[in-house]
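Here's the letter readout for the chains.
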Amino acid sequence: MANSTQPIGVFDSGIGGLSVLAHLRELAPQEHLLYFADQAHVPYGLRTVAEIRAFSTGITRYLLAQGAKIVVVACNTASAAALGHLRETFPEVTFVGMEPAVKPAAMSTSSGVVGVLATPATFASPRYASLMARFAGDVRVLEDPCVGLVPLIEAGEVDTNDTAVLLRAVLQPMLFQGADTLVLGCTHYPFVRPLIEQIAREEAPGVVHIIDPAPAVARQTLRVLEQQGLLAKQVQEGKTRLVTSGEADRLEAQVARLLDQQVEATAVVWEDSGLRYP
Ligand code: DGL
């Protein structure tokens, strides 16, 4: 049985889910947070459903073995490919997943044109198709899989010329066709939000509204924990632990740069049987 002192487990293919982690930390300073970045396998967006399910299952096992009281799938791609599978495999565990914010975008657009930025695997999923069928009936949705953007963000290129060129090629056609609302359908993309805003200012005549679901996912996680009586009650500040299947030094440097925080990271290794614990 989970208890309130245990950490909130959060995972992503890489650093994208840090955009959710940052909101959790801000909203719930007393919670212990355990973040897993599968940097040995990033990007997930070009992988098969079977691969994404296998990685997500291995990571969930690891987070549970480390005492996670809930698992936040802070990755649209892993949620699209593996959330149902995870819920079936671990029926006793509570998962919070995410999906591109098509519904809020459809509700808030004035032009009736919405741009969705996600990954190829997210767009290819039945979960996304169902989202579109339910909420996008009255709006025109323009999609772009932003191929190459996640590796640039992982490489720290959040404000370089290469990233600006890639983003401009994605955004220009959307804005030209009248998109007034852009959905960040991958947790890596909030880290290039300033660049997206800058391009939108330069390319679009009116105000462009950007939707990042990370704050809502953090709030939803805390709501679920509250319903289950699992919110941390301690008054001291919670600890953040970072784990990567890549290089610990690199993740520490990325977190220092993106979140302006010094947090120690641990590296773990994938083996055939799953993750080898430190
Ligand atoms: N951050 C992820 C998402 O939200 C996955 C990106 C990737 O690994 O391709 O979709």
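Quick caveat: nothing in here was measured; it's all calculated off a predicted structure.

### Thoughts on the domain arrangement of the chain
Phase 1 of the analysis: Along its sequence, the chain is organised into domain 1 (8–97 + 214–276) and domain 2 (102–211).
Phase 2 of the analysis: Taken over C-alpha atoms, the centre of domain 1 sits 24 Å from the centre of domain 2.
Phase 3 of the analysis: Here domain 1 and domain 2 share an interface that buries about 1,700 Å² over both sides, 61% of which is from carbon and sulfur atoms.
Phase 4 of the analysis: Three residues, N76, A80 and R257, lead the burial of domain 1 against domain 2; their summed loss comes to 27% of the area buried on that side.

### Concerning unusual backbone geometry
Phase 1 of the analysis: For the peptide bond that leads from V42 to P43, omega is 0 degrees, which places it in the cis range.
Phase 2 of the analysis: Mapped onto the elements of the fold, P43 is located in the loop between strand 2 (33–37) and helix 2 (49–65).
Phase 3 of the analysis: Although it is not a glycine, C146 adopts a positive phi angle of roughly 45 degrees.
Phase 4 of the analysis: Residue classification places C146 among the buried residues on the basis of a relative accessible area of 2%.
Phase 5 of the analysis: One non-glycine residue, D260, lies in the positive phi region at around 55 degrees.
Phase 6 of the analysis: Owing to a relative accessible area of 67%, D260 belongs among the exposed residues under this scheme.

### A word on the sheet that holds strand 1 (residues 8–12)
The strands that make up a sheet are held in pairs by hydrogen bonds between backbone atoms, and each pair lies either parallel or antiparallel.
Phase 1 of the analysis: The sheet built from six strands is open, its strands ordered 4-3-1-2-9-10 with parallel pairing. Of all strands in the sheet, those bounded by a partner on one side alone are strand 4 (95–96) and strand 10 (265–267).
Phase 2 of the analysis: Relative to strand 3 (residues 70–73), strand 1 is paired through four bridges, and the arrangement is parallel. Looking at strand 3, one finds that I8 is bridged to I70.
Phase 3 of the analysis: In the packing of helix 10 (residues 214–227) onto the sheet, the strands contacted are strand 1, strand 3 and strand 4, and the crossing angle to strand 3 comes to about 165 degrees.

### Points about the packing of aromatic side chains
The geometry of an aromatic ring pair is captured by the separation of the ring centres together with the interplanar angle, meaning the angle of the planes.
Phase 1 of the analysis: Counted according to the given criterion, the structure contains five aromatic pairs.
Phase 2 of the analysis: Between F123 and Y128, the aromatic rings sit 5.1 Å apart at their centres with planes inclined by 80 degrees, giving edge-to-face as the arrangement. Across the pair, exposure class does not vary: F123 and Y128 are buried alike.
Phase 3 of the analysis: Three or more aromatic residues joined by ring pairs form one cluster here, namely Y44, F55 and W270.

### Focus on the layout of surface pockets
Phase 1 of the analysis: If you add up the space inside the largest pocket, you get close to 410 Å³.
Phase 2 of the analysis: Taken together, 22 residues form the lining of the largest pocket, with E99, P104, P213, A216 and V217 sitting closest to its centre.
Phase 3 of the analysis: Mapped by element, the contributors of at least two residues to the lining of the largest pocket are strand 4, helix 4 (102–108), helix 6 (126–135) and helix 10.
Phase 4 of the analysis: Top element by residues in the lining of the largest pocket is helix 10. It accounts for seven residues.
Phase 5 of the analysis: Class assignment for the residues of the lining of the largest pocket results in 15 nonpolar, two polar and five charged.
Phase 6 of the analysis: Summarising the domain contributions, the lining of the largest pocket has at least three residues from each of domain 1 (8–97 + 214–276) and domain 2 (102–211).
Phase 7 of the analysis: Taken as a whole, the second largest pocket spans an internal volume of roughly 290 Å³.
Phase 8 of the analysis: In the lining of the second largest pocket, the residues fall into six nonpolar, four polar and two charged.

Conventions we followed
Counting from 1, residues in each chain are numbered in the order their sequence is written. In keeping with the model being predicted, local features are shown solely for residues with a pLDDT of at least 70 and side-chain atom pairs are shown and tallied solely at 80 or more, while totals for entire chains, interfaces and linings include all residues. Just so you know, side-chain values use all the structure's heavy atoms and leave hydrogens and water out. Where a domain begins and ends is set by an automatic assignment or by a domain database. Once two parts are brought into contact, the accessible area they lose, counted with a 1.4 Å probe and summed over both, makes up the buried area. Under the DSSP-based scheme used, a helix requires at least four consecutive residues in state H or I and a strand at least two consecutive residues in state E, with every element numbered from the N terminus. Buried residues are those whose accessible area, probed at 1.4 Å on protein chains only, stays under 20% of the maximum for their type, while exposed residues exceed 50% and partly exposed ones sit between those limits. A pair of strands is treated as paired once DSSP finds two or more bridges between them. Only heavy atoms matter for contacts: two residues are in contact if any of them lie within 4.5 Å across the pair. An axis is simply a line fitted to the C-alpha atoms; with a helix, the fit covers only the stretch in contact. Between two such axes, the angle follows the N-to-C directions and lies from 0 to 180 degrees. Side-chain rings of Phe, Tyr and Trp, where Trp is taken by its six-membered ring, are said to pair if the distance between their centres is within 6.5 Å; with planes under 30 degrees apart they count as stacked, over 60 as edge-to-face, and otherwise as tilted. Space inside and on the surface of the protein is sampled on a 1 Å grid over the protein atoms alone, with a cavity defined as a set of points where a 1.4 Å probe fits but cannot get out and a pocket as an open set with protein on both sides within 12 Å along at least 5 of 7 lines; lining residues have an atom within 4 Å of a point. Grid points are joined across faces, edges and corners, and a volume is the space filled by probe spheres set on the points. As a working rule, the residues Ala, Val, Leu, Ile, Met, Phe, Trp, Tyr, Cys and Pro are called nonpolar, Asp, Glu, Lys and Arg charged, and the rest polar, with Gly in that last group.

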